[in-house]
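Structure at a glance
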Amino acid sequence: MNPVDATQTPAWAWLGQLRDSLNVDFRGWFAADPQRAQRLSFHAADLFVDMSKTYLTADIKTALLQLAEQVGVAERREAMFRGERINVTENRAVLHTALRQPVSALAEEHLEVAGQDVTADVRAVLERIYEFARNVRSGRWLGVTGKQIRTVVNIGIGGSDLGPVMAYEALKPYVQQGIECRFVSNIDPTDIAQTLKGANPETTLFIVASKTFTTAETITNAKQARGWLIDGLRAHGVIDGSEASLNAAVAKHFVAVSTNLEKVAEFGIDPRNAFGFWDWVGGRYSVDSAVGTVLAIAIGPDNFEEFLAGFHAIDEHFRTAPAAENVPLLMGLLNVFYTNFLGAATHAVLPYSQFLHRFPAYLQQLTMESNGKRVRWDGSEVSTATGEVWWGEPGTNGQHAFYQLIHQGTQLIPADFIGFANPTYPLSFDGVDQHELFLSNFFGQTAALAFGKTADEVRGEGTPEEIVSARVFPGNKPTVSIMAEALTPRILGELIALYEHIVFTQGVVWGIDSFDQWGVELGKQMALKLAPAISGDAAAIAAQDTSTQQLIGFYRAHRH
């Protein structure tokens, strides 16, 4: 189906009229409608989502839902779930939702794509991953010297790193004692040098995650890791220089997440220890695939199944909930309204949980790599702004850094607040529950952003007139509050899937292919071409622009 130009729909015109007459007044809105909070709060699986402090009015909500209908969000959603090739520039299906189908799907309805039983394929790979994870966790999988694995190092980049490291950090209370996971992504040698510091080659396992096994950063770091392992084992007299002993060491200390078994074997990894996934899994949607092998080892198969169950619960909500109560749909449509009608260029995600400190970084790839596009899926130019800059930090750290801009700055910055009723560590002091103190900031900030403080209220505090204006908070800043009982594997899966489908909704409205990422390719190609110039090849240097020549010259002059 061809993309619909959203700007030519009746709903878009109506939204423009509503924007022109919009007078946001949260104080007045809540006073006039005592049921506003209840009416604009929804349940999505185990998530409680309060959208009452957004710019939704009855008319704006109706217009946004009409926009979704007129651009065909529901039809595109069903095409995705059916396995149609909606990633048109790569001619691929988009089936990350198939990665989290429950075991019961094997006995019920199977999903087939291009003659392949996707449901059975996914479960087969999962069972192999679970068997491997159990072997590592129980000590049945041993290093070449017979010692149990204590450190697991995941080597990947992009989706093969951001998802696993975010989820590992978020679920640390579920990590098995005695197993530590570390992550290497950056090609900067500092990253792998620091990651391997203090690790024991005899008890370290490497997971090399690269679908093609050709990703430059990942393979470079994997080669460094292989050299570190061999040098360390040789220094301890564990292996000699024979090819057989080297291969034995690599086979016991390296596994792969890849579908290129030929390249895996060339590296020295036993292809039987390679866990594959499919071309219909985009990197930024892959944490619940074999890319999550490191997480399955850390938290165990049972918890990983709960993680998948959370994704699936939101998938079902997005697929089946009525549009007027469909949380990912509504949040995605609201983001379109903020971006295209109110000029919001950024979106903040503010988790009130230290365990989610990498969640905003994870969302940066999910959202900006997906929707940072300038052409629609038919190749035509977009007719409106697309994408936002996503960013954030955990509360309360962010309060002492950038909340000033959100409260009193001149830019509109919609923000999502995420919090949990129960802490992992219920600490108190002097009779004060520290988690309640923490959440008081969550609730206080969203209220302050919504309702602000007037000049008269500032004056009423005895503030000198000359600085009254500096202490006024205009309020009327939009936020969404997302809460759950606790941060568990299931809830983390629900949060990730929520944002996946928000991204999907926005992409359909804009008519773009949210599942390719050609924008990352040119710089990587240029880097490969520049390598000889950096090494001093005169002809290669001469072929560069003068700025690049100058930068290479500085580097060569100052490299020790």
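Before going into details, it helps to say that this report is about the structure given with it.

What counts, and at which threshold
- Residues numbered from 1 in each chain as written.
- Predicted model: local features only at pLDDT ≥ 70, side-chain atom pairs only at ≥ 80, totals over all residues.
- Heavy atoms only, no water.
- Helix = DSSP H or I, 4+ residues; strand = E, 2+ residues; numbered from the N terminus.
- Polar contact = N/O pair within 3.5 Å; in protein donor to acceptor, adjacent residues only side chain to side chain.
- Contact = heavy atoms within 4.5 Å.
- Pairing = 2+ DSSP bridges.
- Core = buried A, V, L, I, M, F, W, Y, C linked by side-chain atoms within 4.5 Å.
- Buried < 20%, exposed > 50% of the residue type's maximum accessible area, 1.4 Å probe, protein only.
- Right-handed = clockwise from strand over helix to strand, strands pointing away.

**Topic: the side chain of Thr204**
Relative to the assigned elements, Thr204 resides in strand β7 (residues 204-209). A distance of 2.7 Å separates a polar atom in the side chain of Thr204 from the backbone oxygen of Asn200. Excluding residues that lie within four positions of it along the chain, Thr204 makes contacts with Ile149, Thr151, Val153, Ala199, Trp228 and His253.

**Remarks on the sheet that holds strand β8 (residues 254-257)**
Pairing in this open sheet of five strands is parallel, and the strands run β6-β5-β7-β8-β9 from one edge to the other. Two strands bound the open sheet, and with one partner strand each, they are β6 (180-184) and β9 (274-275). Examined bridge by bridge, strand β5 (residues 151-155) and β6 share five bridges and lie parallel to one another. Looking at the pairing, Val153 lines up with Arg182 of β6.

**Details of the nonpolar core**
The biggest cluster of nonpolar side chains holds 127 residues, and the ones touching the most others in it are Trp280, Met331, Phe359, Ile482, Leu492, Tyr499 and Val509. Per-element accounting of this core gives the leading share, 13 residues, to helix α20 (residues 489-510). Apart from residues lying up to four places away in sequence, Leu492 is in contact with Met166, Ala167, Ala170, Leu171, Phe307, Leu356 and Leu487. Among the nonpolar cores identified, the runner-up in size contains 23 residues, and Phe213, Ile230, Val250 and Phe267 belong to it.

**Remarks on the pairing of β8**
Sheet faces and side chains relate simply in a regular strand, where the side chains alternate between the two faces. Burial of β8 is two-sided: the residues Phe254 and Ala256 facing one way and the residues Val255 and Val257 facing the other way are all buried. With four bridges joining them, β7 and β8 adopt parallel strand pairing. Pairing of Val208 across the sheet is with Ala256, part of β8. Pairing between β8 and β9: two bridges, direction parallel. Note on β9: the bridge partner recorded for Ala256 is Ala274. Once you follow β8 into helix α12 (residues 261-267) and on to β9, the crossover reads as right-handed.

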